[in-house]
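Overview (structure and organization)
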Amino acid sequence: MTTTQSSPIVIGKAAVGALGLLAVATGALESVVTPTLPLLQRELGMSPAEGALLSIVLLITGALITPIAGKFGDRYGGKRVLFRLMAVVCLGGLVSALAPNLPVLLIGQVLQGAMVGALPLSFILVRKHLPAGESKVAIGVVSGLFVGGGMVGTLSAGPVAEQLSRHWMFALPTIVVIVATLLVNRLMPHDPPGRSDDAGIDWPGLALLSATLVTLMLLLALAPKIASQPLVLGALIVLLAAFVAGWVAVERRVASPMIDLRMLARPVVWKSCVLTFVICIGTSGAVYLVPQLFAVSASGYGFGASATQIGFFLLPGAVAASLAGPIGGIGSRRFGSRAVAAIGIVMMAVSLIALAAVHSEIWHLVVGKALIGLANGLCVTAMMTGTATSVDSGDTGIATSLVLVTRVLGFAVGVQVSGAILTAGTPLGTKIPAESAFVTGFVIAGAVTALALLVTRTMGKGVKE
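Since we're looking at a predicted model, the values are computed, not measured.

Brief notes about the overall build of the protein
The secondary structure content of the protein amounts to 17 helices and zero strands. The proportion of buried residues among the 465 residues of the protein is 53%. Taking all contacts inside the protein whose residues are at least 6 apart in sequence as the whole, residues at least 24 apart take part in 81%. Of the roughly 19,500 Å² of accessible surface on the protein, a fraction of 70% belongs to carbon and sulfur atoms.

Points about the nonpolar core
Counting 125 residues, the largest nonpolar core has L19, L82, F170, V290, F294 and F442 as its most contacted members. Per-element tally for this core: the top contributor is helix α12 (residues 267-295), with twelve residues. Each residue touching F170, except ones within four places of it in the same chain, is listed here: L29, V32, V33, G93, S96, A97, L105, Q109 and Q112.

Here we look at helix α4 (residues 78-98)
With 21 residues, α4 should reach 30 Å at 1.5 Å per residue; the first-to-last C-alpha distance of 30 Å fits that figure. Where α4 is concerned, the buried positions are G78, K79, V81, L82, L85, M86, V89, C90, G92, G93, S96 and A97.

Some details on the pattern of salt bridges
In total, this model carries one salt bridge according to the counting rule given. A salt bridge links R166 to E43, with the shortest nitrogen-to-oxygen separation between them at 3.1 Å. Residue R166 is located in helix α8 (residues 166-187), and its partner E43 is located in helix α2 (residues 33-44); the two are separated by 123 residues in the primary sequence. Judged by relative accessible area, which is 8%, R166 ranks as buried.

Overview of the environment of L59
Tracing the chain through its elements places L59 in helix α3 (residues 48-76). The spacing of L59 and A114 is 55 residues in sequence and 9.5 Å in space, taken between C-alpha atoms.

Some thoughts on the packing of aromatic side chains
One pass over the full model with this rule turns up three aromatic pairs. Measuring from centroid to centroid gives 6.1 Å for F294 and F303, while their planes differ by 55 degrees, and the two rings are tilted. Judged by relative accessible area, which is 1%, F294 ranks as buried. A relative accessible area of 18% means that F303 is categorised as buried.

Some points on a nonpolar patch on the surface
A cluster of nonpolar side chains, contributed by L21, L164, W168, L172, I175, V176, V179, L183 and L187, occupies part of the molecular surface with about 720 Å² of accessible area. With seven residues, the top contributor of residues to the nonpolar patch is α8. Structurally, L21 can be placed in helix α1 (residues 13-31). Accessibility expressed as a relative area gives 32% for L21, which makes it partly exposed.

A short note on the confidence of the model for the protein
For the protein, per-residue confidence averages 78 on the pLDDT scale, and 83% of positions sit at 70 or higher. The low-confidence segment residues 1-7, where pLDDT is below 50, has ten contacts with residues more than four positions distant or belonging to other chains.

Reading guide: rules and limits
- Residues numbered from 1 in each chain as written.
- Predicted model: local features only at pLDDT ≥ 70, side-chain atom pairs only at ≥ 80, totals over all residues.
- Heavy atoms only, no water.
- Helix = DSSP H or I, 4+ residues; strand = E, 2+ residues; numbered from the N terminus.
- Buried < 20%, exposed > 50% of the residue type's maximum accessible area, 1.4 Å probe, protein only.
- Contact = heavy atoms within 4.5 Å.
- Areas by Shrake-Rupley, 256 points an atom, 1.4 Å probe, with all protein chains shown as cover.
- Core = buried A, V, L, I, M, F, W, Y, C linked by side-chain atoms within 4.5 Å.
- Expected span 1.5 Å × (residues − 1).
- Salt bridge = Lys/Arg side-chain N within 4 Å of Asp/Glu carboxyl O.
- Phe/Tyr/Trp six-rings, centres within 6.5 Å; stacked < 30°, edge-to-face > 60°.
- Patch = residues over 30% accessible without salt bridge, like charges linked within 9 Å, V, L, I, M, F, W, Y side chains within 5 Å.
- pLDDT = per-residue confidence, 0-100.

Next comes the structure, spelled out in structure tokens:
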């Protein structure tokens, strides 16, 4: 293995802006399915089980492709790999936009899932072409814009699908992705390969990790239905454990593992992963529960809000999430990543517990969701910047991709658990969960988030630039 050293070419605001535009577009494209899932089920004749599959396939693909993208970016150069990856994403967006049925749409979503790998590749480019202090701010900006793009997609997908068609809700962000990819290719200088070796792709590791993620999602989705069938539940748990054990065994033996467990063994990396996973469980609880509470009939304890109204109510949260990235990057540079993460965790835990206690007015939910979005952005940005700047430059992609994988997994687990809580709290013969189910969901999310403080106490302060 060899390392190529060369004087970096410092990039300007235009190049960082192109990466930011790409982050917004990919974030929007990633998020359009969730708010329009009922519409897609009606138009494509999907069953609830098929709808659940459609909602998670992109997450699973993203979790699989992200570590590969980061590793190849470190090895062959971030720009080279990013351009090829985004070509796959653009193809997936076009397939989704033109899809006449569910099987074709699933293919499009699988291809689109490659977009999650764009973030670690962007971090590689920023790290190689900016001084350490400026790179923290730039990473924060890109991270925040990705989060903001996700909220833009959530807010706009419904109106676009209703006023134009479901095809356009995929087509419009895909067009922006294409434009942003061309801008990045033109404005971003080539970065030299950081390392070279002859090892191929770790296909056994990829297959076992795929099986692990699919089994985990099935277990979480089916848990409420099979809780009364201990043999089936136990069989799935045993299968999941077997896949995990097999994957760990393979990754420890292969010459070039898909995920380098030695990297995960580093305290700065595994602590960031644990924090990100726990924090995203708390965040996803609010992401799922707040819109559901808005939609509950006003004749009960809810507000009977329409899809357009819900989007308007969530707008402050979108703004807060977008601002959190650059604020977190600046804070990490000035005070250290640990301090920023601790502030975000406290803010999120307090907000979730407050929502459990007080949610009788619309503004309670609007303010609570905005604070949670801000807190999540601060925490994730602190984890990204702390991890990216605490490892060797050649390991940036691998390390940050591990954090991004845990972000995806934490979000998926949190949504599934929140859904299970509402399902279990729905009285027989009705379709509306009891108010106590929402209270339980917020309390559990807040308690899980608060546990992250135990990890932050053991973290280093990080380098203050």
